[in-house]
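# Coordinates in review
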Amino acid sequence: MMIPSSPPELAWVWAGVAVYAVATPLAMAGPKSPKREGLMLGLLGLGVALFAIAITVRWMRIGHGPFINMFEILASNLFSLGLVYALAYWRLPALRPSATVAMPVILVPALWLLAVSPADSHLPPTYDTPWLWVHVATGKIFLGICLLAVSLAGVMLLRHAGFVRRFRSMPAEAVLDQLAWRFMGVALAFESLMLIAGAVWAQGAWGRYWAWDPIEAWAFLTWLALAAALHLRKTYRIPPWLGAVIILGIFVLAFLTFFGVPFISISPHKGAV
């Protein structure tokens, strides 16, 4: 009996996960230094490149992008989350210590990916539209920018818990609080674009803009939570630690919306329809 060979992209995926796994304890290690930050940036770039290669190899083999099953969704989000954070790490040196928070968050879907079947998927006819690209791209940017805000929120909470020395090179709490909420404001813009593009896609694919299926309902709930949080932050003078808790809560809600609801519910987002 012939044993089926593993998909060729798996080696690249495993390598990408390994790089993120090495980068995580490095990010959580003691005080930062220019040499360590340079190594960290190199590892981030390498991880992003490895996942880009994995996605490309799979795309060329099965003929469509990483849109359908959990393996593809996790791999593509590990690429996009790593890319957004790597760009911020490169361009905003003051944020680099926040990798202590960001890398463990990224490692969660990376380890999850190892337990997911890499079975090939089929692209449904309803997915053959440019609006899918807009919907997916804006969603990934939304989640990546939320990760930036979460990394700052995590720093503020760790400082509040007494871990001050580790983050002494970062700006004051008020500056981090303001920057985190600016990121959340940008995230709201991209999530709004994601919902609009998804509605246009749904009209062309299923003849309706909105049907309140589970993923649509959860995505709208995430949008409402984010909009309400921004309104609360603008209207009332909430302490930075409470704002950080709210940001973390919104990210958890968004994470569940992206990786939980579509794969436990019956909806067009489930894939093969």
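Before reading on, note that the structure itself is shown above.
The rules behind the values
- Residues numbered from 1 in each chain as written.
- Predicted model: local features only at pLDDT ≥ 70, side-chain atom pairs only at ≥ 80, totals over all residues.
- Heavy atoms only, no water.
- Helix = DSSP H or I, 4+ residues; strand = E, 2+ residues; numbered from the N terminus.
- Rg over C-alpha atoms; globule rule 2.2 N^0.38 Å.
- Core = buried A, V, L, I, M, F, W, Y, C linked by side-chain atoms within 4.5 Å.
- Buried < 20%, exposed > 50% of the residue type's maximum accessible area, 1.4 Å probe, protein only.
- Contact = heavy atoms within 4.5 Å.
- Phe/Tyr/Trp six-rings, centres within 6.5 Å; stacked < 30°, edge-to-face > 60°.
- Lys NZ or Arg CZ within 6 Å of the ring centre and 35° of its normal.
- Axes fitted to C-alpha atoms, helices over the stretch in contact; angles between N-to-C directions.
- Parallel < 35°, antiparallel > 145°, perpendicular 65-115°, else oblique.
- Left-handed = near helix turned anticlockwise from the far one by under 90°.
- Nonpolar A, V, L, I, M, F, W, Y, C, P; charged D, E, K, R; others polar.
- Polar contact = N/O pair within 3.5 Å; in protein donor to acceptor, adjacent residues only side chain to side chain.
- Expected span 1.5 Å × (residues − 1).
- Salt bridge = Lys/Arg side-chain N within 4 Å of Asp/Glu carboxyl O.

Here we take up the overall build of the protein. For the protein, the count of helices and strands is eight helices and zero strands. Each helix and strand of the protein, ordered N terminal to C terminal, gives the series α-α-α-α-α-α-α-α. Computed over the C-alpha atoms, the radius of gyration of the protein is 19 Å, within 12% of the 19 Å expected from 2.2 N^0.38 for a compact globule of 273 residues. The dimensions of the protein, computed from C-alpha atoms along their principal axes, are 55 × 45 × 25 Å.

Before going further, it helps to spend a moment on the nonpolar core. If you look at the biggest cluster of nonpolar residues, it comprises 71 residues, and the most contacted ones within it are Met40, Met103, Leu113 and Met184. Within the residue set of this core, elements represented by two or more residues are α1 (9-28), α2 (34-62), α3 (70-91), α4 (99-114), α5 (130-160), α6 (173-206), α7 (214-235) and α8 (240-259). Setting aside residues no more than four positions away along its own chain, Leu113 makes contact with Val13, Val17, Phe51, Phe71, Leu74, Ala75 and Leu78. Phe67, Ile68, Tyr127 and Leu132 belong to the second largest nonpolar core, which has five residues in total.

Take the packing of aromatic side chains next. Going through the model one piece at a time under the given rule, you end up with 16 aromatic pairs. Taken together, the ring pairs connect Trp112, Phe142, Phe251, Phe255, Phe258 and Phe259 into an aromatic cluster. One cation-aromatic arrangement involves Arg91 over Trp90; the distance from NZ or CZ to the ring centre is 5.1 Å.

At their nearest, the axes of α1 and α2 sit 8 Å apart, and the two run at 160° to each other. Classified by the angle their axes make, α1 and α2 are roughly antiparallel. Along this stretch, α1 crosses α2, giving a crossing that reads as left-handed. Considering only residue class, the contact of α1 with α2 consists of 21 nonpolar, two polar and four charged.

To continue, consider the side chain of Glu216. Within the fold, Glu216 resides in helix α7. According to the relative accessible area criterion, Glu216 is buried, its value standing at 7%. A polar contact of 2.9 Å, which involves the side chain of Glu216, links it to the backbone nitrogen of Ala211.

Below, the discussion takes up α2. Along its 29 residues, α2 runs 42 Å from first to last C-alpha, staying within 8% of the 42 Å computed at 1.5 Å per residue. Three or more residues of α2 are buried, namely Glu37, Met40, Leu43, Leu44, Gly47, Val48, Leu50, Phe51, Ala54, Ile55, Arg58 and Ile62.

Next up on the list: the packing of α3 against α4. A pair of packed helices is captured by two measures, namely the crossing angle of their axes and the spacing between those axes. Where α3 contacts α4, the axes come no closer than 9 Å and their chain directions differ by 165°. As summarised for this structure, α3 and α4 are arranged roughly antiparallel, according to the angle between their axes. In terms of crossing hand, the pair formed by α3 and α4 is left-handed. From α3, Met70, Phe71, Leu74, Ala75, Leu78, Leu81, Tyr85 and Tyr89 reach across to α4, where they touch Ala99, Ala102, Ile106, Pro109, Ala110, Trp112 and Leu113. Tallied by class, residues from the contact of α3 with α4 come to 15 nonpolar, no polar and no charged.

It is worth spelling out the environment of Asn77 at this point. In this fold, Asn77 is placed in helix α3. Here Asn77 falls in the buried class, since its relative accessible area comes to 2%. A C-alpha to C-alpha distance of 20 Å links Asn77 and Leu226, two positions 149 residues apart in sequence. If sequence neighbours within four positions are ignored, Asn77 has contacts with Gly82, Lys140, Leu143, Phe258 and Phe259.

Now for the side chain of Thr100. Inspection of the secondary structure assignment puts Thr100 in helix α4. According to the relative accessible area criterion, Thr100 is buried, its value standing at 9%. Polar contacts involving the side chain of Thr100 include one to the main-chain carbonyl oxygen of Ala27, which spans 2.8 Å. Ignoring anything within four residues of it in the chain, the contact list for Thr100 reads Ala27, Met28, Lys32, Arg166 and Phe167.

Within the secondary structure, Leu78 sits in helix α3. In this structure the C-alpha to C-alpha distance between Leu78 and Ile106, which are 28 residues apart in sequence, comes to 7.0 Å. Among residues more than four places away in sequence, those in contact with Leu78 are Tyr20, Phe51, Ile106, Pro109, Ala110 and Leu113.

Following the criterion strictly, the structure yields seven salt bridges and no others. Here Glu37 ties to Arg96 by a salt bridge, and the two come within 3.4 Å at their closest N and O atoms. Taken together, the residues span a long stretch of sequence, with Glu37 in helix α2 and Arg96 in the loop between α3 and α4 at a distance of 59 residues. Summarising the burial analysis for this pair, Glu37 and Arg96 share the class buried. Salt bridges sharing common partners tie together Glu9, Arg58, Arg61, Glu72 and Asp120.

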